[in-house]
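Report on the structure
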Amino acid sequence: MANFLNSVDERTQLAGANKLEILLFSLGTDPKTGREEAFGINVFKVREVMRVPEIVHAPDMPPGVEGMVSLRGHTLPVIDLAKFCDIEREEKPQILVITEYNRTQQGFLVHSVDQILRMDWDEIKAPPGMLAHRHGGLVTAVTELQDNRLVMILDVEKVLDETTGRSTDPMIYEDIDQVSHPATVFYADDSSAARKQIERTLDTMGVRHLGATNGKEAWQKLQQIADEAEAVGESLADRVDVILTDIEMPEMDGYVLTKQINGDPRMRAVPVIMHSSLSSSTNEDRGRAVGATDYVPKFHPKELADTLTPYLSEARVAGAG
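Residues numbered from 1 in each chain as written. Predicted model: local features only at pLDDT ≥ 70, side-chain atom pairs only at ≥ 80, totals over all residues. Heavy atoms only, no water.

Moving on, we get to the pairing of strand 10 (residues 150-154). When you tally the buried positions in strand 10, you get four out of five residues, the bulk of the element. Across five bridges, the pairing between strand 9 (residues 139-144) and strand 10 is antiparallel. Within strand 10, the position partnered with Glu144 by the bridge is Leu150. Taking the residues between adjacent antiparallel strands as the criterion, strand 9 and strand 10 are bridged by five residues, where Asn148 takes a positive phi near 75°. (Buried < 20%, exposed > 50% of the residue type's maximum accessible area, 1.4 Å probe, protein only. Helix = DSSP H or I, 4+ residues; strand = E, 2+ residues; numbered from the N terminus. Pairing = 2+ DSSP bridges.)

As structure tokens, this is what we get:
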């Protein structure tokens, strides 16, 4: 199963073409519904798929964390996704999916893996309101397969955030400095956990913010702001100082959004900073290739604030000049 995945570099070639590959998996049959539902995760986040090895159980583990495994000299936490998704399955999980994002590695227990599907991001949709609240609010996107099965893409960033409890720690915002002038940041992110942390970081900085939940919505809102600015002889840069975008988003990913922004004369003066949980330097290089000005990892509020501050200062100084 270790060879189930190909190289990350090969998949990075999909970036900028609004395509992705998702690993389909099952969490077992839910006794409440009698169904075995299909879930998915972006292959960019997956490093390995294996049979469940021996798990070392320890006291005082966070909810949903089954224990630890040792993998080639590294100790990784093992998270039971079924528990996070409120599925009381009867079957014992058979597969461990090793993931890497947010600069960490962790294993997810699943019942089985199905296949890897290559799809367009515009086939991945934001979930309907009722579905978004299922499975502990972890469904961040959905897509329908040719056999009419519905695949739910899980917000694994939120899983990790709730496991570590990091975002609820007020200490991570303590060293953030306020900006000394009015500034506005427009952000796009489909993860509710990420949006909350972005907003809290910007509030701590004293920065006004506008947001969108995916790339398509962000593009539509930015066009509207640019149209309104143009009507009074202004540009987008007069109303938005920095655009902060996630990479993985339903309908339009951050690479395509960045290319669209840089292709619009009314917008290209606004710096675009990619804010992603993808850990590979290849993703950062791809972001710069499509016109991103900078790249900052998710769930590091101080680092986000430090990255934003010079751009906010430069934008205001330029505007004043």
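With that settled, the discussion passes to the packing of aromatic side chains. Enumeration over the complete set of coordinates arrives at one aromatic pair. Their ring planes at 20° and their centres at 6.0 Å tell us that Phe25 and Phe39 sit as a pair that is stacked. Highlighted residues: Phe25 in strand 1 (residues 19-26) and Phe39 in strand 2 (residues 38-42), separated in sequence by 14 residues. Accessibility classification places Phe25 together with Phe39 in one group, the buried group. Positioned above the aromatic ring of Tyr101 is the side chain of Lys45, whose terminal nitrogen or guanidinium carbon lies 5.7 Å from the ring centre. (Phe/Tyr/Trp six-rings, centres within 6.5 Å; stacked < 30°, edge-to-face > 60°. Lys NZ or Arg CZ within 6 Å of the ring centre and 35° of its normal.)

Further remarks concern the sheet that holds strand 4 (residues 65-71). Read from one edge to the other, the open sheet built from five strands follows the order 3-6-7-5-4, with strand pairing classed as mixed. Here the strands that pair on one side only, and so sit at the sheet edges, are strand 3 (46-51) and strand 4. Averaged over neighbouring strand pairs, the angle between their axes works out to 30° when direction is ignored. Here strand 6 (residues 95-101) runs beside strand 7 (residues 104-110); their pairing, made up of seven bridges, is antiparallel. Residue Val97 lies in a different strand from strand 7, and its bridge partner there is Phe108. Of the strands in this sheet, strand 4, strand 5 (74-80), strand 6 and strand 7 are in contact with helix 4 (residues 156-164), which crosses strand 7 at around 105°. (Axes fitted to C-alpha atoms, helices over the stretch in contact; angles between N-to-C directions. Contact = heavy atoms within 4.5 Å.)

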